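Each chain is listed here by its residues.
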Amino acid sequence: MTIEERLFRLEERMRQSEARAAIADLMSRYAFYCGAGCGERILTELWTKSDEASLEYGASGVYTEHWKVETFYQKEPVPGKLTTLSFSTPLLQVSPDGESARGIWMAFSTETDAGDLGTAVPDISDARRALLSSETAEGKCYRAEILLQKYDVNFVVEDGVWKILHLHVSEYFRCPYDRDWVRYAKERLLTDGMWLESLFASSKPLPPQSHGENLPSGPSTEHWQYGTDRVPDTLPG
Amino acid sequence: MKKSYYQAYIGTNSVRGSQGIYSIHIDADSFETEIIAATQAYNTGGVALDRTERFLYAVNEGMTFDGYADGGVSAYRIERNGELTKLGGQRSFGQRTCCVAVDEAGENVYACNFYHGTWTAFPVAKNGKVLPARLVVEPPREAVWKALHCVAPVGRDYVGVISLAECALVIYRAGDGKRITSFEFPDKPFPRYFEISGKYIYAMMQMPDDIYVFEDRLEEEGSVRLLQKISVMEESFRGMAATSTLRATPDGRFLLAANRPSNSITVFERRKDGTLARRSIAALSGDGPRDFHISRDGKIVVAALQHSDEICVLEIDYESGVLVNRGKNVSIPSPAAVAVSGRMEA
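Okay, so let's go over this structure.

Side note on the overall build of chain A
Here is step 1: A tally of helices and strands in chain A yields 4 helices and 8 strands.
Here is step 2: Reading the secondary structure of chain A in the N-to-C direction produces α-α-β-β-α-β-β-β-β-β-β-α.
Here is step 3: By its C-alpha atoms, chain A is 75 × 45 × 30 Å across when sized along the principal axes.
Here is step 4: For chain A, with 237 residues in total, the buried portion stands at 43%.
Here is step 5: Nonlocal contacts in chain A, meaning residues at least 24 apart in sequence, comprise 66% of its contacts between residues at least 6 apart.
Here is step 6: Put simply, chain A shows about 12700 Å² of open surface, and 57% of that area lies on carbon and sulfur atoms.
Here is step 7: Across chain A, the centroid of the 25 positively charged side chains sits 3 Å from that of the 37 negatively charged ones.

Shown next, in the form of structure tokens:
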């Protein structure tokens, strides 16, 4: 192997290595911003500006166009609410030209809503009270759930910086902290739809082209969640 | 003296505090209307009563059902007091299940899915339960936008769908889902709904607001024959059209069609040859008629006013061919689907 060839391979490996580090850094920031309730920073710093952006969560269907992706992150801070994400080491592939990449992470997450125990008690007529899956002996409802998710993410380089282009979160299970995902597998079905809609409920007014609705742009591409009668799907390609 | 009344079942979108499906009592004389029960359900944007009015079927117009990326159909038994007891449900093999219909014999329930463009046939058990799908019919593979809007049995042997994928009315054989015939609407309108009355099929476009009138020639020729095209609103109408529902009176004399932006229902008189003549346009006392239904005796219409969160009751005047607002509107969050019983006696 000539010196030039060795140099080229070294540069290639360095590019790959730098890309992997940058993407891992991007997703770490994603997790930190989630925990800090900084949805707007996720949008402006970590997502592409392209209208090719898309986001899919569980069986939500695919939300394409930037304004639809934005609704996932536009949440008013509510006292007693918290989302945390802890990513595993990723399975990461960077394209040979270094312009795009795909990464898969597993994530242990938590969803918290103090509900009746907090200072922002949800209205009794609010149907989303059904998402408050735990209850004290006094009948006060709150939410303290653990989730296992798979993050399947496509990245592109935009103005020299890695950005998220497509994000697909599979929610393998979610359950209250004081119960387990096997016992809760059936009960969660009652609120799955409401949970998905709440994820895409923006605290900002929807743009005129929405006609007041934030529906997915298309059906789900792939979905699997734990059920007592189900075997896991095959690994992603 | 015995009091006469109607019962109506209102499916809702799960927003603005909706409690699910609302059971409504309507006094047949005073038109006084009250909510008698609410049954927890998720996004019931389509409801249908079986012929015996003992069972109600409702779509689950969401993205997930039973943990699958599907919508679904649920069955309910109607109790004497109008309350609903859930009998379970089945996934419909497509997301955002948007329309449900029961055949005359109450042996099959049909549902169609806005996403995936599939329609599904479910056998019905004697106790009203919906059994797992016996037939899932896919749209043509080459269709770019796979979507369906409306499904209903056409006579005993056929099922019709309004396909957005093909911009067409498509007729299938009910038993095995074999495609029999189709009619592609010209100039790519946005098709919405269809209704059957006798030997005639009425297919309505959401935009523009045209109704296509067909003669059912399925038995004779395996096809439908176009007879007429007429708009829901008058030719001079310059407002926006976004129609929703189309229903015939049980005696087949009138056909009613709702247009949402103008908050109106147009009354058409049906001629003997099945064609339509516009008789009147009724202004509704609320906003966004997403659905309406006619009682089995043909006397009243209950309309779901989705944007103003209320329902209203109208009486059909068969002499003049007009709809008359009756009683007071009742508040219900985001009503989206209506099924009205026949006249009952207390």
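Some points on the interface of chain B and chain A
Here is step 1: Taken residue by residue, the interface counts 16 residues in chain B and 20 residues in chain A.
Here is step 2: Where chain B packs against chain A, one counts 0 salt bridges.
Here is step 3: Scanning the region where chain B abuts chain A turns up 9 residue pairs in polar contact (both at pLDDT 80 or more).
Here is step 4: Among the residues making up the side of chain B that touches chain A, the classes are represented as 5 nonpolar, 9 polar and 2 charged.

Considerations on the environment of glycine 80 of chain A
All names here are of chain A.
Here is step 1: Within the element layout of this structure, glycine 80 appears in the loop between α3 (66–71) and β3 (81–87).
Here is step 2: Taking the relative accessible area as the measure of exposure, glycine 80 reaches 36% and is therefore partly exposed.
Here is step 3: Linking glycine 80 and arginine 128, residues 48 residues apart in sequence, is a C-alpha distance of 16 Å.
Here is step 4: If we ignore the near neighbours within four places in the chain, the residues touching glycine 80 are Thr112, Asp113 and Ala114.

What to know about helix α1 (residues 3–35) of chain A
All names here are of chain A.
Here is step 1: Taking 1.5 Å as the rise per residue, α1 with 33 residues should run 48 Å; its terminal C-alpha atoms sit 48 Å apart, in good agreement.
Here is step 2: The set of residues buried in α1 consists of Ala19, Ile23, Leu26, Met27, Tyr30, Ala31, Tyr33 and Cys34.
Here is step 3: Where the residues of α1 are buried, they touch α2 (39–46), β3, β4 (91–94), β5 (100–113), β7 (141–158) and β8 (161–176).
Here is step 4: A positive backbone phi angle near 65 degrees is found at glycine 37, which sits one or two residues after α1.

Some thoughts on the sheet that holds strand β10 (residues 119–123) of chain B
All names here are of chain B.
Here is step 1: Ordered by their spatial adjacency, 4 strands build an open sheet running β8-β9-β10-β11, and the pairing between neighbours is antiparallel. Both edges of this open sheet fall to β8 (97–102) and β11 (135–137), since each of them pairs with a single strand only. Here the strands of the sheet are splayed against their neighbours by 15 degrees on average, with no regard to which way each runs.
Here is step 2: As paired elements, strand β9 (residues 108–113) and β10 share 5 bridges and run antiparallel to each other. Across the sheet, residue asparagine 108 finds its bridge partner in β10, namely proline 123.

Definitions and cut-offs
Residues numbered from 1 in each chain as written. Chains lettered and ligands numbered in written order. Predicted model: local features only at pLDDT ≥ 70, side-chain atom pairs only at ≥ 80, totals over all residues. Heavy atoms only, no water. Helix = DSSP H or I, 4+ residues; strand = E, 2+ residues; numbered from the N terminus. Buried < 20%, exposed > 50% of the residue type's maximum accessible area, 1.4 Å probe, protein only. Contact = heavy atoms within 4.5 Å. Areas by Shrake-Rupley, 256 points an atom, 1.4 Å probe, with all protein chains shown as cover. Lys, Arg positive; Asp, Glu negative; His and termini not counted. Charge placed at Lys NZ, Arg CZ, Asp CG, Glu CD. Salt bridge = Lys/Arg side-chain N within 4 Å of Asp/Glu carboxyl O. Polar contact = N/O pair within 3.5 Å; in protein donor to acceptor, adjacent residues only side chain to side chain. Nonpolar A, V, L, I, M, F, W, Y, C, P; charged D, E, K, R; others polar. Expected span 1.5 Å × (residues − 1). Pairing = 2+ DSSP bridges. Axes fitted to C-alpha atoms, helices over the stretch in contact; angles between N-to-C directions.

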